[in-house]
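Examination of the molecular architecture
So the chains spell out like this:
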Amino acid sequence: MARRPVPAGTPEPTGLGHIVDLIRSSIPPLHPAGAPFVAAPLAVAALGRRRRAVRTVSLLTAGAMAGFFRHPPRVPPNRAGVVVAPADGEVALVDVAVPPAELDLGSEPLPRVSIFLSVLDVHVQRVPVSGSVIDVVHKAGQFLSADLADASVVNERTSMHLRTPAGHDLAVVQIAGLLARRIVNHASAGDTLTIGDTYGLIRFGSRVDTYFPAGSRLTVLPGQRAVGAETVLAELP
């Protein structure tokens, strides 16, 4: 079994505890929001254990929910002035667009990167840059497919305005998709957040847009895969 390299002279780990540690490092933990979605089908499997079909379907559902709500650890880069991806998924758009009106960031188009999350992607959202939360606004809307260009305007969304210690203003927007019916954002105005920390969740299929200050240098292209908290989307001016 493959292992992470360790410093020379480290004693050889042995025993059941080592096996447990290897399993824990290979299987991502579950986000707390997913616990009810995993527990419910497990309970059905237990109640219907004498019926093979019920047991099988319930266990498969529990496994699928555990996969959807996985919450893998991430290590953001330590370079100053970078903005990391707020979500896992495919970079769908790299363009300029007017940020959500509810954040009062002006009417001038700003650089934007949109990440589309399929149902197979990790669905927790990460803080793209360290800074203060200026505002968090939820706006009701439609539930069109999140990969449509109009989704950023007409779909239900939660928009967050961040300001870095250097005074750069950014917006990160959680957008509901065709199957998404729940957007969770645990941040509030006045909070101080650290790059890479988990701040929210969307279920089940969605999109996350990031708006950057004018003059930022975008470092990704459409079609790339982004890893939340680790892929650098842009360098601030």
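Reading the values: rules and limits
- Residues numbered from 1 in each chain as written.
- Predicted model: local features only at pLDDT ≥ 70, side-chain atom pairs only at ≥ 80, totals over all residues.
- Heavy atoms only, no water.
- UniProt positions renumbered as here; feature names shortened; annotations may be inferred.
- Helix = DSSP H or I, 4+ residues; strand = E, 2+ residues; numbered from the N terminus.
- Buried < 20%, exposed > 50% of the residue type's maximum accessible area, 1.4 Å probe, protein only.
- Pairing = 2+ DSSP bridges.
- Contact = heavy atoms within 4.5 Å.
- Polar contact = N/O pair within 3.5 Å; in protein donor to acceptor, adjacent residues only side chain to side chain.

The name given to the protein chain in an unreviewed UniProt entry is Phosphatidylserine decarboxylase proenzyme, and the organism recorded there is Rhodococcoides corynebacterioides. UniProt lists a comment for the protein chain under the heading Sequence similarities (unreviewed entry), and it reads "Belongs to the phosphatidylserine decarboxylase family. PSD-A subfamily." Note on the protein chain: under the UniProt heading Pathway (unreviewed entry), the record states "Phospholipid metabolism; phosphatidylethanolamine biosynthesis; phosphatidylethanolamine from CDP-diacylglycerol: step 2/2."

For residues besides glycine, phi is generally negative; the peptide bonds are generally trans as well. The phi angle at Asp104 is positive, at roughly 55°, despite the residue not being glycine. Mapped onto the fold, Asp104 is located in the loop between strand E2 (89-97) and strand E3 (110-117). Owing to a relative accessible area of 69%, Asp104 belongs among the exposed residues under this scheme. For Ala229, which is not glycine, the phi dihedral falls at a positive 75°. Locating Ala229 in the fold gives a position in the loop between strand E13 (225-226) and strand E14 (232-235). Judged by relative accessible area, which is 0%, Ala229 ranks as buried.

Our next topic: the UniProt feature "modified residue: Pyruvic acid (Ser)" (unreviewed entry) in the protein chain. When the UniProt feature table is mapped onto this chain numbering, "modified residue: Pyruvic acid (Ser)" (unreviewed entry) sits at Ser206. Along the chain, the position of Ser206 falls in strand E11 (residues 206-211).

Turning our attention to the sheet that holds strand E7 (residues 169-176). With antiparallel pairing, the eight strands of this open sheet are ordered in space as E9-E5-E6-E7-E11-E3-E2-E13. Each of the sheet's edge strands pairs with one partner strand only, and the pair in question is strand E9 (192-193) and E13. The sheet contact formed by E2 and E3 spans seven bridges and is antiparallel. For Glu90, the partnering residue across the bridge sits in E3 and is Phe116.

Reading across the sheet, the three strands line up as E1-E14-E12 and stay open at both edges, with antiparallel pairing between neighbours. In the strand order of this sheet, the two ends are held by strand E1 (82-84) and strand E12 (217-218), each with one partner.

Summarising the sheet, E1 and E14 pair through three bridges and their orientation is antiparallel. The residue bridging Val83 from the neighbouring strand is Ala234, located in E14. Relative to E14, E12 is paired through two bridges, and the arrangement is antiparallel. Considered in E14, the bridge of Arg217 is made with Glu235.

Per the UniProt record, "active site" (unreviewed entry) is annotated on Ser206. By relative accessible area, which is 0% here, Ser206 ends up buried.

A few words on the environment of Arg157. Within the element layout of this structure, Arg157 appears in strand E6 (residues 157-163). With a relative accessible area of 7%, Arg157 lands in the buried category. Residues contacting Arg157, with those up to four places away along its chain left out, are Pro100, Glu102, Val137, His138, Lys139, Ser152, Val173, Gln174, Ile175 and Ile183. At 2.8 Å, the side chain of Arg157 and the side chain of Glu102 are in polar contact. In this structure the side chain of Arg157 is engaged in a polar contact, spanning 2.8 Å, whose partner is the backbone oxygen of Val153.

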